[in-house]
Amino acid sequence: MGGPLRPATLAEIADLQEIERRAGAPFAEIGMTAVAEDEPPAAETLAEFVTAERAWVWPDAADRPIGYLVLSLVDGQPHIDQVSVDPAHAGLRIGKRLIDHAVRWARSRGLRELTLTTFTQVPWNGPYYERLGFRYIPAAEETPELRAIRAAETAHGLDEWPRASMRADLRTWSPG
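Throughout this document, residue positions are counted from 1 along each chain, in the order its sequence is written. Only residues with pLDDT of 70 or above have their local features reported here, since the model is predicted, and side-chain atom pairs are shown and tallied only from 80 upward, although totals for entire chains, interfaces and linings are computed over all residues. The side-chain values count all of the structure's non-hydrogen atoms but skip hydrogen atoms and water molecules.

(A) Representation of the packing of aromatic side chains within the structure. The rule is short: rings of Phe, Tyr and Trp, with Trp giving its six-membered ring, pair when the centres are within 6.5 Å, and they are stacked under 30 degrees, edge-to-face over 60, tilted in between. Under the defined criterion, the tally for this structure stands at 7 aromatic pairs. Between the aromatic rings of Y128 and Y129, the centroid separation amounts to 5.4 Å while the plane-to-plane angle is 65°, which identifies the pairing as edge-to-face. Only protein chains enter the accessibility calculation, which uses a 1.4 Å probe; a residue is then buried when its area is under 20% of its type maximum, exposed when over 50%, and partly exposed in between. In this structure Y129 comes out as buried when scored by relative accessible area, which is 8%. Between F134 and W173, the ring centres sit 5.5 Å apart and the planes meet at 75°, which makes this aromatic pair edge-to-face. With F134 in the loop between helix 5 (126-132) and strand 6 (135-137) and W173 in the segment after strand 7 (163-169), the pair connects residues that are 39 residues apart, well separated along the chain. Helix and strand definitions follow DSSP, with helices as H or I runs of at least four residues and strands as E runs of at least two, each counted in order from the N terminus.

Right under this line is the structure:
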């Protein structure tokens, strides 16, 4: 199974992009071909997360990344920009371990919540995050920067499928 979680390195950016491509492939199976074919984050973007020390990987037994999470700050609170796991390693709770780490990171800095945006009707998206403890944010309650993220997603065509913002309260988050 690999592990433990560790910071991503600049040398692993191509690996992160490949994980993203693999993680996107299952979207084609549910009719979301445009999502499946979407390009992963640019190398420059991922490098910014690595340099800011807000990018983590879950490596396999050979220390090669098989899952990753990148975190930004949105309206002063942590926001999961991307969490992806190679589908060959699905079901091992790697995504949950990565999110738990983001929660620990945020708590250690005195932050109170963690946000993300997601597809509401894709089983491994909205429903999965809801089981973990995230709750949907009504559009009227989105913060200014979160609204800007949603607007960019809409402009990118992602709202062809139901999509929303979610929030987890770090005081009540249950690790494990």
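Structure's up, so let's keep going.
(B) Geometry of the packing of helix 1 (residues 13-29) against helix 3 (residues 43-51). Running from N to C, helix 1 and helix 3 cross one another at 115°; their axes reach a closest spacing of 10 Å. Our classification of the angle between helix 1 and helix 3 gives roughly perpendicular. Seen along the crossing, helix 1 lies across helix 3 with a hand that is right-handed. Contact residues: I13, L16 and Q17 in helix 1; A43, L46 and A47 in helix 3. Note on residue categories: nonpolar means Ala, Val, Leu, Ile, Met, Phe, Trp, Tyr, Cys or Pro, charged means Asp, Glu, Lys or Arg, and polar means any other residue, Gly included. Here the residues of the contact of helix 1 with helix 3 are counted per class, giving 5 nonpolar, 1 polar and no charged. Lines fitted to C-alpha atoms define the axes, with helix axes restricted to the stretch in contact, and inter-axis angles between N-to-C directions lie between 0 and 180 degrees. Here roughly perpendicular refers to angles of 65 to 115 degrees, roughly parallel to angles under 35, roughly antiparallel to angles over 145, and oblique to all remaining angles. Helix crossings fall into two classes, left-handed where the near helix is turned counterclockwise from the far one by less than a right angle and right-handed where it is turned clockwise. The contact criterion used is simple: two residues touch if any of their non-hydrogen atoms lie within 4.5 Å.

(C) Region of the structure containing helix 6 (residues 144-155). Expected helix span is given by 1.5 Å per residue-to-residue step, counting one fewer step than there are residues. The end-to-end C-alpha separation of helix 6 is 17 Å, in line with the 16 Å expected for 12 residues at 1.5 Å each. Within helix 6 the residues assigned to the buried category are L146, R150 and E153. Along the long axis of helix 6, the arc covered by the buried residues comes to 55°, so they all point the same way. Opposite its buried face, helix 6 presents the exposed residues P144 and A155, each directed more than 90 degrees away. Of the surrounding elements, those touching the buried residues of helix 6 are strand 3 (65-74), strand 4 (77-85), strand 5 (113-119), strand 6 and strand 7. Positive phi shows up at G157, right after helix 6, with a value of about 90°. Comment: arc refers to directions from the helix axis out to C-beta atoms.

(D) Looking closely at the environment of L158. If you trace the backbone, L158 turns up in the loop between helix 6 and strand 7. Separated by 65 residues in the primary sequence, L158 and R93 place their C-alpha atoms 26 Å from one another. If we ignore the near neighbours within four places in the chain, the residues touching L158 are V35, F119, E153 and R163.

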